[in-house]
Amino acid sequence: MPIFEAASDKHTDVVFGKVDTEAEEHLAAAARITSIPTVMAFHKGTLVYSQAGALPMKALDTLVGQIKDLEPTPHAN
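Definitions and cut-offs
- Every chain is numbered on its own, with residues counted from 1 as its sequence reads.
- Residues qualify for local features only when their pLDDT is at least 70, as the model is predicted, and side-chain atom pairs are given and counted only at 80 or more; totals for whole chains, interfaces and linings, by contrast, use all residues.
- Side-chain descriptors were evaluated using all non-hydrogen atoms of the structure, hydrogens and water having been removed beforehand.
- Nonpolar cores were defined as sets of buried Ala, Val, Leu, Ile, Met, Phe, Trp, Tyr and Cys residues, with membership established by side-chain atoms within 4.5 Å.
- Exposure classes here rest on a 1.4 Å probe applied to the protein chains alone. A residue is buried below 20% of its type maximum, exposed above 50%, and partly exposed in between.
- The numbering of helices and of strands both runs from the N terminus, where a helix is a DSSP run of H or I of at least 4 residues and a strand a run of E of at least 2.
- Two residues form a contact once any of their heavy atoms are found within 4.5 Å.
- Residues forming no salt bridge and having over 30% relative accessible area are the ones grouped into patches, like charges within 9 Å of each other and nonpolar side chains (Val, Leu, Ile, Met, Phe, Trp, Tyr) within 5 Å.
- Every accessible area reported is derived by Shrake-Rupley at a probe size of 1.4 Å, with residue values counting cover from the shown protein chains alone.
- Here a salt bridge means any side-chain nitrogen of Lys or Arg lying within 4 Å of a carboxyl oxygen belonging to Asp or Glu.
- The charged-residue count follows a simple rule in which Lys and Arg add positive charge and Asp and Glu add negative charge, with His and chain termini not counted at all.
- Here the site of a charge means atom NZ of a Lys, CZ of an Arg, CG of an Asp or CD of a Glu.

## Observations regarding the nonpolar core
Next, step 1: Within the largest apolar cluster, eight residues are counted, these being Ala7, Val39, Ala41, Tyr49, Leu55, Leu60, Leu63 and Ile67.
Next, step 2: Put simply, the parts of the chain that give this core at least two residues each are strand 1 (38–43) and helix 3 (57–68).
Next, step 3: Looking at this core element by element, the count peaks at three residues for helix 3.
Next, step 4: Residues within four places of alanine 41 in sequence aside, it is in contact with Thr46, Leu47, Val48, Tyr49 and Ile67.

Next comes the structure, spelled out in structure tokens:
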């Protein structure tokens with residue numbers, strides 16, 4: 001948890017969130033969360049990363065940087 005909070009403080013242009021999977025069982029099921037913790041990342045509303053387990057700070061920083069670098073997905077007509 002301290003790494004997640006530190007990353008949130010460092011990357012103020014990114015929205016970080018936590019889900020209480022016991023209180024929000026329907027959300028956990030919809031997101032297919034089977035292990036705690038699970039790190040998930042979304043870009044423009046699309047799930048781009050999901051992995052069970054905590055990440056060390058360097059890996060989390062790298063992940064955030066990679067997601068920030070993603071180009072918006074073109075919309076199909």
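## Description of unusual backbone geometry
Next, step 1: Here the amide bond leading from isoleucine 36 into proline 37 is cis, since omega sits at -5°, within 30 degrees of zero.
Next, step 2: Mapped onto the elements of the fold, proline 37 is located in the loop between helix 2 (25–30) and strand 1.
Next, step 3: Of note in the backbone geometry, arginine 32 takes a positive phi value of approximately 55° without being a glycine.
Next, step 4: Positionally, arginine 32 belongs in the loop between helix 2 and strand 1.
Next, step 5: In this structure, lysine 44 takes a positive phi of about 55° despite not being glycine.
Next, step 6: By secondary structure assignment, the location of lysine 44 is in the loop between strand 1 and strand 2 (46–52).

## Section: a negative patch on the surface
Next, step 1: On the surface, a cluster of negative charge is made up of Asp20, Glu22, Glu24 and Glu25.
Next, step 2: Here glutamate 22 lies in the loop between helix 1 (2–10) and helix 2.
Next, step 3: For glutamate 22, a relative accessible area of 69% corresponds to the exposed category.

All quantities given are derived from atomic positions and should not be read as evidence of function.
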